[in-house]
Amino acid sequence: MRRFHSAKEALTQVFGYADFRPHQEEIIEAVIEGRDALVLMPTGGGKSLCYQIPALVREGTAVIVSPLIALMQDQITVIQNRGLEAACLSSANSLEENREIESQFLSGTLDFLYVTPERLVNEWTISMLQRARVSLFAVDEAHCVVTWGHDFRPDYLKLGKPVEMMGRPQVAALTATATPRVREDILKHLGLDDPVTIVRGFARENLHFRITACDTHKDKYKRLYELVKRYKTGIIYCSTRKKVEQVYEALSDFGLSVTAYHAGMTDEQREEAHNAFMNRHANIVIATNAFGMGIDRADVRFVAHFEIPGSVEAYYQEAGRAGRDGQPSRCTLLYSGTDVRTIRFFIDKELEADNGLPADVKAEAARKAEERLKYMTFYSTTPKCLRGFLLEYFGEAAPKKCGNCSCCLAAEQEAQLQLETSRRRAADNAHRLEKPRRTKSTAGAAPLSEADEKLLNALYAQRKRLAGKQNVPAFMVFSDATLREMVEKKPLSLDELLNISGVGEKKAARYGTTFLRIIEDAVENRE
């Protein structure tokens, strides 16, 4: 176990970097000096170095709590490749492996000891940690302390006890997403003492956020296939293992190079899927939230959510795995109101589970989970700037418009359409004034662009299909003038559609969704 004289020496000699990223040095020096730390950095911001470098300067072994065995194994591989000593205590270990790790820890040969929260609160582990020097205690993905739902880890709420029993070493809590309220919960549950708190900006300018409302699962599969076909490389998140398998089968049938990942698979299957994605043998992975933490593939061009996740925190962290190379990337949420029921089912299920927590603690956690779900629903249905919504949620100032999300682009397009319509009407009025003797205009409608002609033909075709099914004349669905006005104004919601001449509430309810989908496709394909 080699100790370094300074953080800069460890940075250059072990990690090969000449300079720190913004805020890294401030955090690292504070931890080296003995202060607790709460670190919020976006995905790819360099959080790991904020505990790894102090561990190489301070005496003893750093103990790191991490939620996923696969994530710990990845980090250990990276660390060992840098010539450092690291090991992992988890349920995947045999008794002999744990005894060997214990020997390494007590002899002082380990630089880092990774441990799951369930293993950390084990009496044997606590006893072992009390018998050697712990340089610092780091909680990676610290937002898990307050996560509630089907993937809740109750032992995260018990981490304060082993910290005290280890003699209260420095504590560093690190995460990519946490609101001011969640930060307070992290401080409370981990008992951080006068911590240095660093919050790096949450803004990711290269990410394009999009909400796509879908009435049926068929709609979702259609949108998903369009996304995959266009962007090629990405991660698709589903809320359940069953849905992962269904989406995997659907995309496989299209002949795409895909793999699946969820906690119900064997360790070997998950490792195979992980390696296939990281080694680019598969460019698309369909997964539950068990996949992604620590994933270091930079060219992920899209992240899609087949259903809404349980919180804005989870969504932003998962979406943030797109575009780590700084290139433009798409973050698409396929939203349906029925998704909310699935999340509520998981919240209720965890509330009823026998996980050893007092009833009042579970009730409070479930209440907070409902609150987070409420804001996730607000995000999924807001007409306002999506980037602004996210930044404000995490406590950052945000412009009213980013100009690069689906809501902003739709608003800009609507404004442009209204302007063009106003100009056209003004021109028509001027033309009529110039020829007052004509009682009826014989001038044709304004010529359409090639793209608008294509859209108009698509609307005509849809009208013909609907009329044929109902055995009625086409004009009884919508008149030619109504379809042409749709092309001109391009409504993207039922409210906007109701402003089109010839569209009443009954027709909007009966036909609106079908025609809006065609218009939305045309608008999206022009971006």
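Residues numbered from 1 in each chain as written. Predicted model: local features only at pLDDT ≥ 70, side-chain atom pairs only at ≥ 80, totals over all residues. Heavy atoms only, no water.

Asker: Could you give an account of the packing of aromatic side chains, with specific residues and numbers?
Answerer: Applying the stated criterion across every chain, the model contains twelve aromatic pairs. With centroids separated by 5.2 Å and ring planes inclined at 55°, the aromatic side chains of Tyr 221 and Phe 306 adopt a geometry described as tilted. Placement of the pair is Tyr 221 in helix α10 (residues 217–231) and Phe 306 in the loop between β12 (302–305) and α13 (312–319), with a sequence separation of 85 residues. For Tyr 221, a relative accessible area of 24% corresponds to the partly exposed category. Exposure remark for Phe 306: the relative accessible area of 0% places this residue in the buried category. In textbook terms, an aromatic cluster arises when at least three aromatic residues are bridged by ring pairs, as seen for Phe 209, Tyr 316, Tyr 375, Phe 378, Tyr 393 and Phe 394. Lys 220 extends its terminal NZ or CZ atom over the ring of Phe 306, reaching a point 5.3 Å from the ring centre. We note Arg 297 situated over the ring of Phe 277; from NZ or CZ to the ring centre the distance is 4.8 Å. (Phe/Tyr/Trp six-rings, centres within 6.5 Å; stacked < 30°, edge-to-face > 60°. Helix = DSSP H or I, 4+ residues; strand = E, 2+ residues; numbered from the N terminus. Buried < 20%, exposed > 50% of the residue type's maximum accessible area, 1.4 Å probe, protein only. Lys NZ or Arg CZ within 6 Å of the ring centre and 35° of its normal.)

Asker: Can you tell me about α10, naming the residues and giving the values?
Answerer: Counted at 1.5 Å a residue, the expected span for α10 with its 15 residues is 21 Å, and the 21 Å between its end C-alpha atoms agrees. What α10 keeps buried is the set Asp 219, Lys 220, Arg 223, Leu 224, Leu 227, Val 228 and Tyr 231. Each buried residue of α10 lies within a common arc of 160° when the element is viewed along its axis, so the set occupies one face. Away from the buried face of α10 by more than 90 degrees, exposed residues Lys 218 and Lys 229 are located. Following α10 by one or two positions, Lys 232 adopts a phi angle in the positive range, close to 70°. (Expected span 1.5 Å × (residues − 1). Arc of directions from axis to C-beta.)

Asker: Which residues make up helix α14 (residues 339–352), and what values do they have?
Answerer: Helix length check: α14, at 14 residues, gives a terminal C-alpha distance of 21 Å against a target of 20 Å (1.5 Å per residue), a fit within 8%. Buried residues of α14: Asp 339, Val 340, Ile 343, Phe 346, Ile 347 and Glu 350, and no others. Angular distribution of buried residues about the axis of α14 spans 125°; they occupy a single face of the element. Exposed residues lying more than 90 degrees from the buried face of α14 are Arg 341, Phe 345, Lys 349 and Glu 352. Where α14 is buried, its residues contact α10, β13 (329–335) and α15 (359–381). (Contact = heavy atoms within 4.5 Å.)

Asker: So what's going on with the state of the cysteines? Which residues, and what values?
Answerer: Taken as a whole, this structure holds zero disulfides when the rule is applied. No disulfide involves Cys 331; its sulfur sits 12 Å from that of Cys 405, the nearest cysteine. Cys 331 gets classed as buried once you look at its relative accessible area, which sits at 0%. Left without a disulfide partner, Cys 405 is nearest to the cysteine sulfur of Cys 408, which lies 3.7 Å away. Assessed through its relative accessible area of 0%, Cys 405 is described here as buried. (Disulfide = S-S within 2.5 Å.)

Asker: Tell me about the sheet that holds strand β3 (residues 86–89), and please be specific about residues and values.
Answerer: Whenever strands of a sheet pair, they do so through backbone hydrogen bonds, lying parallel or antiparallel. As summarised here, the arrangement of the seven strands in space is β3-β4-β2-β5-β6-β1-β7, forming an open sheet in which the pairing is parallel. The open sheet has two edge strands, β3 and β7 (196–199), and neither has a second partner. Strand after strand, the sheet turns through a mean of 15° between neighbouring axes, direction not considered. Where strand β2 (residues 61–65) meets strand β4 (residues 112–115), four bridges bridge the pair, whose relative direction is parallel. Along β4, the bridge assignment pairs Val 65 with Val 115. Helix α3 (residues 49–57) rests against β1 (37–40), β2, β4, β5 (134–139) and β6 (170–175) of the sheet, and its axis sits at about 140° to β4. Along the sheet face, helix α9 (residues 180–190) touches β1, β5, β6 and β7 and points at about 145° away from the line of β1. (Pairing = 2+ DSSP bridges. Axes fitted to C-alpha atoms, helices over the stretch in contact; angles between N-to-C directions.)

Asker: Mind laying out the sheet that holds strand β9 (residues 234–237), listing which residues take part and the relevant values?
Answerer: Spatial strand order, β8-β13-β12-β9-β11-β10: six strands in an open sheet with parallel pairing. Two strands in the sheet have a free side with no partner beyond their single neighbour: β8 (207–213) and β10 (258–261). On average, each strand axis in the sheet is tilted by 15° relative to the strand beside it, whichever way the strands run. As paired strands, β10 and strand β11 (residues 284–287) are joined by four bridges and run parallel to one another. When the bridges of β11 are listed, Val 258 appears paired with Ile 284. Against the sheet, helix α11 (residues 241–252) touches β9, β10 and β11, its axis set at about 175° to β10.

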